[in-house]
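Below are the chains, spelled out letter by letter.
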Amino acid sequence: MTGRELVKAAMRREKVERIPWVPFVGVHGGQLIHVNAIDYLRSADYMLAGMDKAVELYQPDGLPIVFDLQIEAEILGCHLEWANENPPAVVSHPLASGARLDDLPLPHPDAGRLPTILDAARRARKNHADVALYGLITGPFTLALHLLGTDIFMKMILESDAVVEIFSFTKMVAKTMADYYIDAGCDVIALVDPMTSQIGPEQFRQFVTAPVTDIFAHIRQRGALSSFFVCGHAQQNVEAMCECKPDNVSVDENIPLEFIRDVALERGVSFGGNMQLTVVLLFGSPEDARRHAIDCMDIGGHTGYILAPGCDLPYATPVDNLVAVATVVHDREQREMPRMPEGTAQKQNILDMSEYGKTDKVVVDIITLDSEACAPCQYMVESVKAIAPQFENIVEWREHKIKHSDSLQFMTSLMVKNIPTICIDGQITFVSRIPPKEELIAAIQKRIYEKLRYKIRTQKGRLLIFAKSRQECDQVKPVIKQAMRELGAMVEIVEIYDEKEMLTYGVITTPAVIVANYKIKSEGSAPAVAAVKEWLKEIV
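Residues numbered from 1 in each chain as written. Predicted model: local features only at pLDDT ≥ 70, side-chain atom pairs only at ≥ 80, totals over all residues. Heavy atoms only, no water.

Another point: the sheet that holds strand β11 (residues 395-401). Within the open sheet, the four strands sit side by side as β11-β10-β12-β13. Their pairing is mixed. Of all the strands in the sheet, just β11 and β13 (427-431) have a single pairing partner and so form its edges. Each neighbouring strand pair of the sheet contributes to a mean axis angle of 25°, computed without reference to strand direction. As judged from the four bridges shared by strand β12 (residues 421-424) and β13, these two strands associate in the antiparallel manner. Counterpart to Ile424 in the pairing with β13 is Gln427. Those strands touched by helix α17 (residues 375-387) are β10 (362-368), β11, β12 and β13, and its axis lies near 165° from that of β10. (Pairing = 2+ DSSP bridges. Helix = DSSP H or I, 4+ residues; strand = E, 2+ residues; numbered from the N terminus. Axes fitted to C-alpha atoms, helices over the stretch in contact; angles between N-to-C directions. Contact = heavy atoms within 4.5 Å.)

Below you can see the structure in the form of structure tokens.
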């Protein structure tokens, strides 16, 4: 069987002689031909050259034409911010800026970058007759979010009819795009809707099921196969995804492969995924990639499974790692070799985070794949960025893109398992869920209050007044009390008249005032000797 035939057979859940391999070569194709993502995504010649090189190096059974979830959004009026190693990111939302849904036209084949992409698809069909071609379309939810912004989450609660209307439009956009890709020769239409990972099954069935089911029925009527591609922590929605009747569901490493296998096959749907993008493919060695591919194939089996990375391959993914996967896929002897000891991929130096978040400011960390390349990551970062000005000089926020090894180490050290995730002062707070504005503000305010309360409790102090007589003491007390009233701070006042005790404090002339600060350094357990030494240095 050709690779194209293998992919189709797997999607029909037929037992295959070899598990098909579909590397999602998006902007990584630019790296293969030494051009940046900006130029790559605007040139049919570059896209085709990238696919040609990927076929030569990786021996794929299937390939996407392009992996860019902003194509439709750009046509519909969203402004994009471009990057050298990622697809562009949406930075404006027409429906949030006053545009009406009726003002937005369905994509025309000559609109935006569509002529370039469809030209690449038609030429790729001629060049690679034995490779299954994937046309990727933006799912209704993700496109709706591009058009409206994060306000959509509140509207789902308060204005559900308006959201249903938006989804009806984005469904028509998806069906239109599917037609263009099918006409250009694509075998599989992959509906990529990562934002569905941000909602639960109830909202999924309320808003997503109907339009997506209709899209898959349309693709089936056109004689093509379909895949429902969701990245992120979407495990709660896998059953609902299968109910939409796609031919295939594909997921990333956030969902255990065993889980997706069992749920999908039981419901008559094939499945794909979920090779680890960063830990293995980006930062691991060829041996890590080889071993991980074998593990995935052992779990997936020869019926209904397609080996693939969990999402669009990072631009800088080492070629040798993907070649190692391709070798394992095509060489039975490689698959049957004894498993080698673990390589470098799983070894991370863990940071000591026990003191993290103990500074005066509240630190909000957003752990992402990359907000420039991942829609849920982008909108989670935007949600934090939008409320940050309300906490000026009180809150600091940072994004940690796990495409970088130091961010991956940070993620591991905080024991974050899913992305995107928001941590507040090192505490995991929102996991793979973009919080509504009010909920995010409340979580930050709660932490500010906890810090303030802790600071007050651990920084008790007293004012010591040293005097030889009551009269001498009364000269000082009114001044102190007035100062406390004007400051709004109440501090315990201790009067000391014993001359021997005065000498222990070094007081010779009276009246004298000493400020005594007390800070709790340890509670609930005996402190370490090293810690006590540091405390003593502060007072001797």
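What follows concerns the packing of aromatic side chains. For the coordinates displayed, the defined rule picks out twelve aromatic pairs. Summarising the aromatic geometry, the rings of Phe24 and Tyr134 are spaced 6.2 Å apart at their centres and angled 80° between planes, so their arrangement reads as edge-to-face. Here Phe24 is found in the loop between α1 (3-11) and α2 (28-32), whereas its partner Tyr134 is found in strand β4 (residues 132-138), with 110 residues between them in sequence. Grouping residues by exposure puts Phe24 and Tyr134 together as buried. Between the NZ or CZ atom of Arg42 and the centre of the ring of Trp82, over which it lies, the distance is 4.1 Å. (Phe/Tyr/Trp six-rings, centres within 6.5 Å; stacked < 30°, edge-to-face > 60°. Buried < 20%, exposed > 50% of the residue type's maximum accessible area, 1.4 Å probe, protein only. Lys NZ or Arg CZ within 6 Å of the ring centre and 35° of its normal.)

Considering the arrangement of structural elements, one finds Ser413 in helix α18 (residues 405-413). A polar contact is formed between the side chain of Ser413 and the backbone oxygen of Gln409, at a distance of 2.8 Å. When neighbours within four sequence positions are excluded, Ser413 is seen to be in contact with Asn349, Ile350, Leu351 and Met353. (Polar contact = N/O pair within 3.5 Å; in protein donor to acceptor, adjacent residues only side chain to side chain.)

Let's shift gears to the nonpolar core. Counting 159 residues, the largest nonpolar core has Tyr134, Ile152, Tyr181, Phe228 and Leu307 as the members making the most contacts within it. Sort the elements by how many residues they give to this core and helix α9 (residues 160-183) lands first, with eleven residues. (Core = buried A, V, L, I, M, F, W, Y, C linked by side-chain atoms within 4.5 Å.)

Turning our attention to unusual backbone geometry. The omega angle of the peptide bond from Ile419 to Pro420 is 0°, so this bond is cis rather than trans. Topologically, Pro420 is positioned in the loop between α18 and β12. Following Thr510, the chain continues into Pro511 via a peptide bond in cis, with omega recorded as 0°. Position of Pro511 relative to the elements: it lies in the loop between α21 (499-504) and β16 (512-519). Here the phi dihedral of Gln59 falls at roughly 45°; this positive angle occurs in a residue that is not glycine. In this fold, Gln59 is placed in the loop between α4 (44-58) and β1 (62-64). For Gln59, a relative accessible area of 38% gives the class partly exposed. A positive phi angle, close to 65°, is found at Lys245, a residue other than glycine. Relative to the assigned elements, Lys245 resides in the loop between α11 (238-243) and β7 (248-251).

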